[in-house]
Each structure stands twice: as structure tokens, then as C-alpha cells.
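# Working through the structure, step by step
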Amino acid sequence: MPLALLALAVGAFGIGTTEFVMMGLLPDVASDLHISIPSAGHLVSAYALGVVIGAPLLAAVTARASRRTVLIGLMALFVAGNALSALAPGNGSLLAARFLSGLPHGAFFGVGAVVATNMVPPERKARSVSLMFLGLTVANVAGVPAATLMGQHLGWRATFLAVSAIGLAAIASLALLIPHDHTHASPAGLRGELAALRSLPVWLALATTVAGFGALFAAYSYVTPMLTGAAGYAEGSVTLLLALFGVGATAGNLLGGRLADHSLRGTLFGGLTSLAVVLALFPLLMRAQWSAALALTLLGVAAFVTGSPLQLMVMEKAAAGPSLASSANQAAFNLANAGGAWVGGAALAAGFGATSPALAGAALAVLGLGVAGVAYAVDRSRRTPSAGRVVTSHVPEESGALRP
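Because the structure is predicted, anything quoted here is derived from the model rather than measured. (Residues numbered from 1 in each chain as written. Predicted model: local features only at pLDDT ≥ 70, side-chain atom pairs only at ≥ 80, totals over all residues. Heavy atoms only, no water.)

A few words on the overall build of the chain. Across its full length, the chain carries 16 helices and zero strands. What you see for the chain is a C-alpha radius of gyration of 20 Å, in line with the 22 Å of a compact globule of 404 residues. Structurally, the chain occupies a C-alpha span of about 60 × 45 × 30 Å along its principal axes. Restricting the contact set of the chain to residue pairs at least 6 apart, pairs at least 24 apart contribute 83%. Of the roughly 15,500 Å² that the chain leaves accessible, carbon and sulfur atoms contribute 70%. In the chain, which carries 19 positive and 12 negative side-chain charges, the distance between the mean positions of the two groups comes to 7 Å. (Helix = DSSP H or I, 4+ residues; strand = E, 2+ residues; numbered from the N terminus. Rg over C-alpha atoms; globule rule 2.2 N^0.38 Å. Contact = heavy atoms within 4.5 Å. Areas by Shrake-Rupley, 256 points an atom, 1.4 Å probe, with all protein chains shown as cover. Lys, Arg positive; Asp, Glu negative; His and termini not counted. Charge placed at Lys NZ, Arg CZ, Asp CG, Glu CD.)

Attention shifts here to unusual backbone geometry. For His34, which is not a glycine, the phi torsion comes out positive at approximately 60°. Relative to the assigned elements, His34 resides in the loop between helix H1 (4-33) and helix H2 (37-61).

Once that is clear, we can look at the pattern of salt bridges. Applying the stated criterion across every chain yields a total of five salt bridges. Of the charged contacts, one joins Asp32 and Arg157 as a salt bridge, the two residues approaching to 3.6 Å between their closest N and O atoms. Here Arg157 lies in helix H6 (residues 156-177) and Asp32 lies in helix H1, a separation of 125 residues in the sequence. On the basis of relative accessible area, Arg157 is assigned to the partly exposed category, the value being 25%. With a closest N to O distance of 2.4 Å, Arg265 and Asp379 form a salt bridge. (Salt bridge = Lys/Arg side-chain N within 4 Å of Asp/Glu carboxyl O. Buried < 20%, exposed > 50% of the residue type's maximum accessible area, 1.4 Å probe, protein only.)

Below, the discussion takes up the environment of Leu149. Structurally, Leu149 can be placed in helix H5 (residues 125-154). Between the C-alpha atoms of Leu149 and Val21, which are 128 residues apart in sequence, the distance is 9.9 Å.

With 92 residues, the main nonpolar core has Leu8 and Leu216 as its most contacted residues. For this core, the element with the highest residue contribution is helix H8 (residues 200-220), accounting for 10 residues. Among all residues touching Leu8, those that are not within four sequence positions of it are Leu71, Phe108, Gly112, Ala116, Met132, Leu174 and Ile178. (Core = buried A, V, L, I, M, F, W, Y, C linked by side-chain atoms within 4.5 Å.)

The next subject is the packing of helix H4 (residues 91-118) against helix H15 (residues 322-349). For any two helices packed against each other, one specifies the crossing angle of their axes together with the interaxial distance. Viewed as axis vectors pointing N to C, H4 and H15 meet at an angle of 135°, and their least axial separation amounts to 7 Å. Considering the angle they form, H4 stands oblique to H15. In this structure, H4 meets H15 at a crossing whose hand is right-handed. On the side of H4, the interface is formed by His105, Gly106, Ala107, Phe109, Gly110, Val111, Ala113 and Val114, while H15 contributes Pro322, Ser323, Ser326, Ser327, Gln330 and Asn334. Here the residues of the contact of H4 with H15 are counted per class, giving six nonpolar, eight polar and no charged. (Axes fitted to C-alpha atoms, helices over the stretch in contact; angles between N-to-C directions. Parallel < 35°, antiparallel > 145°, perpendicular 65-115°, else oblique. Left-handed = near helix turned anticlockwise from the far one by under 90°. Nonpolar A, V, L, I, M, F, W, Y, C, P; charged D, E, K, R; others polar.)

Applying the stated rule across the entire model yields three cavities of 30 Å³ or more. Reported here for the largest cavity is a volume of approximately 350 Å³. Contributing to the lining of the largest cavity are 20 residues, with Phe20, Leu136, Phe213, Phe217 and Phe304 lying nearest its centre. For the lining of the largest cavity, the secondary-structure elements that each account for two or more residues are H1, H5, H8, helix H10 (238-262) and H15. When its residues are assigned to classes, the lining of the largest cavity shows 11 nonpolar, eight polar and one charged. (1 Å grid on protein atoms, 1.4 Å probe; cavity = no way out; pocket = protein on both sides within 12 Å on 5 of 7 lines; lining within 4 Å. Points joined across faces, edges and corners; volume = space filled by probe spheres on them.)

Now for the packing of aromatic side chains. Taken as a whole and assessed by the stated rule, the structure comprises eight aromatic pairs. An angle of 50° between the planes, with centres 5.7 Å apart, marks the rings of Phe109 and Phe133 as tilted. Within this pair, whereas Phe109 is found in helix H4, its partner Phe133 is found in helix H5, the two being separated by 24 residues in sequence. The class of Phe109 is buried, set by a relative accessible area of 0%. Ring centres 4.3 Å apart and planes at 25° place the aromatic pair Tyr220 and Phe245 in the stacked group. Here the residue Tyr220 occupies a position in helix H8, and Phe245 occupies one in helix H10, the gap between them amounting to 25 residues. We note that Tyr220, like Phe245, is buried. Among the aromatic side chains, those forming a connected cluster through ring pairs are Phe213, Tyr220, Phe245, Phe304 and Phe333. (Phe/Tyr/Trp six-rings, centres within 6.5 Å; stacked < 30°, edge-to-face > 60°.)

On to the environment of Leu3. Position of Leu3 among the secondary structure elements: in the segment before H1. Along the chain, Leu3 and Pro309 lie 306 residues apart, while their C-alpha atoms are 22 Å from each other.

Dropping the structure here:
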């Protein structure tokens, strides 16, 4: 694996840290800015809105630019957003800075995934994406807890300054390690990138992402009341337990990358099935503390096994113009975050019990399997007898399209 993947992982680590650290700093931010915690919660939504808007927009605007230059520019925007967050005098300016911080998130992962796959042989494409995503999962294990502790002891502004420093390190790494010869602009340009989004298989792949990761967030958004209300953990133990989820996510991400290089579609189906089973067993596993800890770890593994396959599936179906579709998949991840949390909350509000969000998540995982099945049927209908593989979108074999 090329050392350049380390540069992408450093950027992913910074992005993952700033995305999730706000949840642990909400009380500190609310107290300092003299606002309520629910009002401070809008800072999380502002970042997510930036991701959803910025992912396809920035990928489209930069379609004709060198991908190496785009990655460095996106990380510079990330540094600016976090520095402005640290310096924000009030809630309004902090909301704007958080929105700005979220804008480069999806495009960085989307363009980064294209660059990562271009630097390795075809049989290692999924593994290269998983190594980039490794920065994101490690951020949940180490980056977020460390940044939260820093914010609690040195002030929340210090956290965002530290994240800005990580962003500067990522810029230096990208400039030094990303080669020029694999990062040329897409020859299709903006028109070709947009044309790729008109493909039904692309939209089915995006829908699979929304349903599959919506299943995760339906449960994970309400994991604290599950652990305290059903499993009997004290609130002070939740942070350590969430680290177990991060360990599971890291293992699942690496496992998914290796498996997807052997069978992309098989890994996707297997991961979604495992996710549905783990979530369906949550009511049983939450009856004891040891099994609840196991459930949280297994949830991380099952959910993130599908991360690389989902990203590559979208890129495969939009092989003529993968940057925009790859970035749109990151927007789909964030839609899954919001939609899954809403579904899980609806189950909880309906009075179905503390573990009901997990069952709602299991239903979403089954829905994801159904969408993936439809996508498979569409692929089979487009399969040519002579090629023996899916015709994705008028793209020749040497374009880097992956086998399903």
C-alpha cells in the first residue's frame, strides 16, 4: 500500500474528530455562550448540513481541477472552519463556522476515495479505501475522547485549535505524499460527472447507503439510554463503552476492505445481514452488562464492514465520473445519520421500550438488503453474455471500474 494513503488517513482523522467532538462539548459550549443545551445541539446539525450541501457542490465545482489540488484546498477550508470555530464570539458565528467546517467533509472523502483507488492495483481498491477510512474510525477511539478531555480542561476553543493543527499536518502530508501522476482531473469534466448521476444503479447504491447506515444510527443515537436504562450501566461508564464501539468499527472497517477485494457484493450482503441480526438481538443482549458491551462492539464491526463496499459500489456504478457520485455517497451517510436518528426516536417516543430503536434499525437493515437485492437484479438484467460482468455505464475495463 502506498504511503500516500497515510496522508488521506490523517485528514480523515481530523475530520472524524471535529465531527463527533461537539457532542461531548455541548455542556461546555452552552455554558460559555449562555445558551441552552438544545440550542447548542444545533451546532451538530449545522455541521451535518454543511456536509450534505458541500459534498456534491464542491465535488462539482472542482470537477476539472487536479484531485491533489482539490484535496489540499478542501483541507485548507477545513482548517479555516475550525479556526473560526475557536475564535467565534457568539452562537451565530459559531453556527456559521461549524457549517463551514462541514462543507469539505464529504468532498474530501469522496475525492480521496477516487485518489486512493487510483494508486493501487484493482485487487486492492477496497483495502485502499478502508485504510483512508481508518482515520475516521480511529478518531472515534482516540481523537474524540482526547479532544473532549482537552475541551473540558483547557476550554472548548482549545479543542478546535488543536483540530486546526491536525488539519495543517494533513495539508503538509498531502503536499508531500500524494503523487501528481494519479490525481489528474476527471477527463469527463462536470458534464460527465453529472451524467453519471443519472444512472439508476448509482441511485440504488446511494439508497443502500442511506438504509444501511440509517440502521446503525437508529440504534447508536440512543445507545446511552439503552446502556443505562436496560443494561444498568452508570452514565460515567458510557464513554468507555463508546470506545468499544470505535474498536469494533475499526476492526470492521479493515475486515470489510479485505473481504470486499475478494467479493464486493458478497461483503455488502453479508455485512447488512450481520447488522440486521446484531440489532435484532439487542433486546436480549442488553439484559446483562457483559453482553451489552459485546453488543456495542459487534455493532461497530457489523456496521463498518459495509463502509468500503458501499463507497466502492457507488464509484463502480459511476465509473465514468466517480468524484461527484463518491462525494454524494458521503452526503448519503449523513442523511442516514439524520434519518436513522429520527426513526429510532419515533420508536422510542411511541413507548416501545429502551431497546426499540435497535429493532427499528434492524428493519432498516433489512430494507437496505432489499434495495441491494434490487440493485443486484438490475445489474443482472444489464449483464452481457460475452463480458460476463455488469455493464456499468459505457466505461471501458481500463477505466478502473470494479467487478461486482
